[in-house]
Amino acid sequence: MFGILSRRLKISIPGNGVTGSNSAFDLGSLAFSFSSFVGKSEKGHSFTVSYLVNSCGLSPEAAIVASQKVNFKNPERADSVLAFLREHEFSETQITSFVRKRPWLLLSDPKRKILPKLEFFYSKGFSKKDLVRIMSSDPHLLYRSLDNHIIPTYNLLRSVLPSNEMVITALRHQWVSLEKNSKHVISNIGLLRQLGFSDSQVASTLQFFSEILVLKPERFSSVVDKVKDMGFEPEKFTFLFAMRALAMKRFKETWNKSYKVYRRWGWSEDDILGAFRVHPNCMVISEKKIEKSMDFLVNKMGWQSGKIAKCPVILFYSFEKRILPRCSVVQVLLSKGLMRKEDVKLIFILQCVDKIFLEKYVTKYHEQVPLLFSVYEGKVHVEDA
């Protein structure tokens, strides 16, 4: 970097093209200053990385990333933050997660920035354990304004939910500022209760679907009517998924694009509507993701396109992290004669949790196919196993 910098500086010096002694001296001084600056910077950076690893439990890789956002030369302030969190019963794992997600937490004044917020919740009957649950879900809550966000949000939630436990559920993953749209939220929750929503359903809506609750009541009511007309039942979770899909600003455009892709893969209109009723988000996936997954499952795995319409949720799974690794294992087992094609149940294979998949399809065949786990990890190609 310095070589490039010095060459550019030489070019900018006027004269007959010969670098004089004064210019050389200036560049030498600049090189000395630059290297001194880098040395001091690297020293501080090195201390930060070391502290993040040894005191906060971050991996070296995570520490390097975090150190780009926070840098300090002594541990006093960071030590006080860690001690404060431990005093309030945050586990070492939770502290590590906090620091990884919000490294600048280590530079805050815990008694001035964090304690007043905790004391507010304590005054409302929340335990330390309750607050750990809330903060672990949304560390950013520690930085939100007590007067402008936390208190108004709590008051709003407590006005529509009967218990602190429900409030705790709703406070987790709060990405939308409910207090700014409190009148809309209260009105829309009232409509949901008319539909038969229980307290737990309202709490779940506040937690996972808060973006639809801030819609204007007229718009919210219109979306509810459309979803009901499409055959969705309010007591089922898919009702809210459908509401969120229909409430999207560009839903019609997205629907039309997805519709065309599914039609190209042989889905009938009934197949598409049926898939939407099963999993409404299937109509808001990108065209590229639909094409990639369908092409692999139909053309590579030989699965009938119509079967995917019966279980559209599999189109949401990560292609690289779930679909490809698991199907690669199945391809190996089929090629080795360890599995019959008629026994392949792709829905189960793609939906089961990792532990069950590994036990049933990988560990079980370790002796016959020693490289099977490497295939699952993507380190060995199917044909090389």
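Please read all numbers here as calculations on a predicted model, not as lab measurements. (Residues numbered from 1 in each chain as written. Predicted model: local features only at pLDDT ≥ 70, side-chain atom pairs only at ≥ 80, totals over all residues. Heavy atoms only, no water.)

## Description of the overall build of the chain
The condition is simple: Starting at the N terminus, helices and strands are each numbered in turn, a helix being any DSSP run of H or I of at least four residues and a strand any DSSP run of E of at least two. Between buried and exposed lies partly exposed: a residue is buried under 20% and exposed over 50% of the maximum accessible area for its type, with that area taken using a 1.4 Å probe on protein chains only. Computed with the Shrake-Rupley method and a 1.4 Å probe, the accessible areas treat only the protein chains shown as cover for residues.
Helices and strands together make up the secondary structure of the chain, namely 22 helices and zero strands. Here the chain holds 385 residues, and the buried ones make up 41% of them. Carbon together with sulfur atoms contributes 54% to the accessible area of the chain, which is approximately 21,200 Å² in total.

## Notes on helix H17 (residues 287-300)
For clarity, the threshold we go by: To estimate the expected span of a helix, subtract one from its residue number and multiply by 1.5 Å. Contacts were defined at the residue level, with two residues in contact if any of their heavy atoms lie within 4.5 Å.
In a regular helix each residue adds 1.5 Å, so 14 residues correspond to 20 Å; H17 covers 19 Å between its end C-alpha atoms and thus fits that length. On the buried face of H17, the contacting elements are helix H15 (251-264), helix H18 (305-310), helix H19 (319-335) and helix H20 (346-351). Where H17 terminates, the next one or two residues include Gly 302, which has phi positive at roughly 75°.

## Structural notes on unusual backbone geometry
Here the phi dihedral of Glu 89 falls at roughly 70°; this positive angle occurs in a residue that is not glycine. In this structure, Glu 89 sits in the loop between helix H4 (76-87) and helix H5 (92-101).

## Digging into helix H8 (residues 146-160)
The condition is simple: We define a polar contact as two N or O atoms separated by no more than 3.5 Å, with the added condition that, inside protein, one atom must be a possible hydrogen donor and the other a possible acceptor, whereas residues neighbouring each other in sequence contribute only through side-chain atom pairs.
When the terminal C-alpha atoms of H8 are compared, their 20 Å separation across 15 residues agrees well with the 21 Å that a helix rising 1.5 Å per residue should span. Looking at the buried positions of H8, the neighbouring elements they touch are helix H6 (110-123), helix H9 (164-171), helix H10 (182-194) and helix H11 (199-208). Backbone nitrogen of Asp 147 and a side-chain oxygen of the N-cap are separated by 3.5 Å at the start of H8; the cap is Ser 145.

## A look at the side chain of Ser 293
Here Ser 293 lies in helix H17. When neighbours within four sequence positions are excluded, Ser 293 is seen to be in contact with Leu 315, Phe 319 and Ile 323.

## Considerations on a nonpolar patch on the surface
Stated formally: Patches in this entry comprise residues that are over 30% relatively accessible and not in a salt bridge; like charges within 9 Å are linked, as are nonpolar side chains (Val, Leu, Ile, Met, Phe, Trp, Tyr) within 5 Å. Should a side-chain nitrogen of Lys or Arg be within 4 Å of a carboxyl oxygen of Asp or Glu, the pair is scored as a salt bridge.
Where nonpolar side chains cluster on the molecular surface, the patch consists of Phe 348, Val 353 and Ile 356 and spans about 240 Å² of accessible area. Within the element layout of this structure, Phe 348 appears in helix H20. Judged by its relative accessible area of 36%, Phe 348 is partly exposed.

## Topic: the pattern of salt bridges
For the structure on display, the rule yields 13 salt bridges. Between Lys 236 and Glu 233 there is a salt bridge whose closest N-O contact spans 3.8 Å. Using a relative accessible area of 35% as the deciding quantity, one classes Glu 233 as partly exposed. Measuring nitrogen to oxygen at the nearest pair gives 3.7 Å for the salt bridge that ties Glu 342 to Arg 340. Beyond isolated ion pairs, a larger network of salt bridges with shared partners links Arg 250, Glu 253 and Lys 257.

## With respect to the packing of aromatic side chains
Inclusion rule: Pairing of aromatic side chains requires ring centres within 6.5 Å, counting the rings of Phe and Tyr and the six-membered ring of Trp. Pairs whose planes differ by under 30 degrees are stacked, by over 60 edge-to-face, and all others tilted. Lysine and arginine charges are scored as sitting over a ring when NZ or CZ, respectively, is within 6 Å of the ring centre and within 35 degrees of the ring normal.
For the structure on display, the rule yields 21 aromatic pairs. With 5.3 Å between their ring centres and 50° between their planes, Phe 90 and Phe 98 make a pair best called tilted. Residue Phe 90 shares its accessibility class with Phe 98, and that shared class is buried. Ring pairing ties together the aromatic residues Phe 120, Phe 121, Phe 126 and Tyr 154, which thus form one cluster. Sitting over the ring of Tyr 317, Arg 322 keeps its end group 4.4 Å from the ring centre.

## Concerning the confidence of the model for the chain
Close reading of the predicted structure is inappropriate where its pLDDT is low. Going by this rule: pLDDT expresses how confident the predictor is about each individual residue, on a scale running from 0 to 100.
Looking at the chain, the pLDDT average stands at 84 and 87% of residues meet or exceed 70. The weakest mean pLDDT in the chain belongs to helix H1 (residues 2-11) at 33; the strongest belongs to H19 at 96. Here residues 1-44 is modelled with pLDDT under 50, and outside its nearest four sequence neighbours on either side it reaches 15 contacts, counting other chains as well.

## Focus on the environment of Phe 84
With respect to the element layout, Phe 84 can be found in helix H4. A residue is classified by how much of its surface remains accessible, and Phe 84, at 6% relative accessible area, is buried. Sequence-wise, Phe 84 and Asp 109 are 25 residues apart; in three dimensions their C-alpha atoms are separated by 10.0 Å. When near neighbours in sequence (up to four residues on either side) are disregarded, Phe 84 contacts Pro 110, Ile 114, Leu 115 and Leu 118.

## Some words on the packing of helix H13 (residues 217-229) against helix H14 (residues 238-246)
Short version of the rule: An axis is simply a line fitted to the C-alpha atoms; with a helix, the fit covers only the stretch in contact. Between two such axes, the angle follows the N-to-C directions and lies from 0 to 180 degrees. In what follows, roughly perpendicular refers to angles from 65 to 115 degrees, roughly parallel to angles under 35, roughly antiparallel to angles over 145, and oblique to any angle outside these ranges. Working rule for handedness: look at the near helix, and if it is turned counterclockwise from the far one by less than a right angle, call the crossing left-handed; if clockwise, right-handed.
One can describe the packing of H13 onto H14 by two numbers: an axis separation of 9 Å at closest approach and a directional angle of 120°. Classed by the angle they form, the pair H13 and H14 counts as oblique. Judged by the twist between their axes, the crossing of H13 over H14 is right-handed. Across the interface between the two elements, Arg 219, Phe 220, Val 223, Val 224, Lys 226, Val 227 and Lys 228 from H13 touch Phe 239, Ala 242, Met 243 and Leu 246 from H14.

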